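Topology and contacts: notes
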Amino acid sequence: MRTEKILVTGACGQIGTELVPALRAKYGPENVIASDRHLVTADLVKDGLYVKADVMNPVMLERVVNHSAITQIYHLAAVLSANGEQNPRQSWDLNMQSLLHVLEAARKRKHCRVFWPSSIAVFGKHCLPAFCAQHVPNQPATVYGISKAAGELWCQYYYDQYGLDVRSIRYPGLISHSAKAGGGTTDYAVDIFHQAIASGHYQCFLADNTLLPMLYMPDAVRAALELMDAPAADLSVRTSYNIWGLTFSPKELAGQIKQYLPGFNISYTPDFRQRIADSWPASINGHQSSKDWHWKYEFGLAEMAAEMLWHLGDEQLKKRVTAARAGLAGAPQPAGQEQWL
Ligand code: SER
């Protein structure tokens, strides 16, 4: 079996913050190079190899890939939906050019597999609002969505033309206790926990009943690892896979938080991000990923909310969450429960 040598771009971002430690645990810290364009002093750097590299510079990228004999690239660097609307041309350039540089570097290297996250942002308002299918005419409404939709086609193209083993997931909103929100429309579902704990109040930029697809980060990380491990012959989608996950509204999430923080209150002041959310489906149909590589998510809404509060809370809140969860006799045990007890 060959030793995998892995490069992660955008390693300090929302997904990279949790994916890099998971990759290091799986492949060994000596085989995983985290990279970002910033010089950082985070745990990411202390715990393993780190290269300051800008994916917009193809020469530098290819040098890292060749010098370290990279066999897998996780290309995570991107500007998300809400931030992307502030500077559309620059976001397009970063999202598209960096993907093309990575695809080229992997193609030239040969036998180098690529993972690239796409997004529910590829869908537009003409898609079915619930259980949006894998193959639909998409017409995205944001520059982020346009770049992801075009990127998916480039992935398919590199697979068809050059046999490049590129794999992708259309991630929904991702919720993490260790990674900062990344400038996305779904990121209210991260901020709300921080504000609830810090001030007991959250002013939400989406309307109370806005349903969006979401996933807890440990599930998102596992999805990437499982897709990358799947036998190539089993994969029927080379654009990007829909995956099953959660669907909830800000009001439903606030209800979960109130169970542990009864004084918490939320107000709703929708802004430009409402238009973006309204153009996305409330849920997506992940049938093909279940069929091809057996995808199942583990964390439901209640488990995710309890874990978030436990991780972000002080000792008192941790005890309250642990006691409440232990009192749920007969309820299914959430994954990661052992961490609380
Ligand atoms: N989390 C992303 C965003 O809101 C969607 O993939 O931009």
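Quick look at the structure, then. (Residues numbered from 1 in each chain as written. Predicted model: local features only at pLDDT ≥ 70, side-chain atom pairs only at ≥ 80, totals over all residues. Heavy atoms only, no water.)

Looking at the sheet that holds strand E1 (residues 6–9)
Quick reminder of the rule: Here the rule is simple: two strands pair whenever DSSP picks up at least two bridges between them. Strands here are runs of E lasting at least two residues and helices are runs of H or I lasting at least four, both read from the DSSP assignment and numbered beginning at the N terminus.
Strand order in this open sheet of seven strands is E3-E2-E1-E4-E5-E6-E10, and the pairing throughout is parallel. A strand with exactly one partner marks an edge of an open sheet, and here the two such strands are strand E3 (49–52) and strand E10 (241–242). Inspection of the sheet shows E1 paired to strand E4 (residues 72–75) by four bridges, in the parallel sense. Paired with isoleucine 6 across the strands is glutamine 72, a residue of E4.

Describing the site of the ligand
Note the threshold: Put simply, a residue is near a molecule or strand once any heavy atom of it comes within 4 Å of that molecule or strand. Here a polar contact means two N or O atoms within 3.5 Å. Within protein one must be a hydrogen donor candidate and the other an acceptor candidate, and residues neighboring in sequence count only if both atoms are side-chain atoms. Polarity classes work like this: nonpolar for Ala, Val, Leu, Ile, Met, Phe, Trp, Tyr, Cys and Pro, charged for Asp, Glu, Lys and Arg, and polar for all others, with Gly in that last group.
Near the ligand you find Leu80, Ser81, Ser119, Tyr144, Tyr171, Gly184, Thr185, Thr186 and Trp280, and these make up its full shell. A distance of 2.6 Å separates an oxygen atom of the ligand from a polar atom in the side chain of serine 119. One of the backbone nitrogen or oxygen atoms of threonine 185 is found 2.7 Å away from an oxygen atom of the ligand. Within the shell around the ligand, the residues separate by chemical class into four nonpolar, five polar and no charged.

Structural notes on the pattern of salt bridges
Which entries qualify depends on this criterion: A side-chain nitrogen of Lys or Arg and a carboxyl oxygen of Asp or Glu constitute a salt bridge if their distance falls within 4 Å. For the exposure calls, accessible area comes from a 1.4 Å probe over protein chains only, and a residue counts as buried if that area is under 20% of its type's maximum, exposed if over 50%, partly exposed in between.
This structure, assessed with the given rule, holds 13 salt bridges. With a shortest N-O distance of 2.9 Å, arginine 107 and glutamate 104 are connected by a salt bridge. Highlighted residues: arginine 107 and glutamate 104, both in helix H5 (residues 88–109), separated by three residues, approximately one helical turn. According to the relative accessible area criterion, arginine 107 is partly exposed, its value standing at 29%. Measuring nitrogen to oxygen at the nearest pair gives 2.8 Å for the salt bridge that ties arginine 170 to glutamate 152. Of this pair, arginine 170 sits in strand E6 (residues 166–171) while glutamate 152 sits in helix H6 (residues 143–162), and the two are 18 residues apart along the sequence. Of the two residues examined, arginine 170 and glutamate 152, each falls in the buried class.

The values are spatial; any link to function lies outside them.
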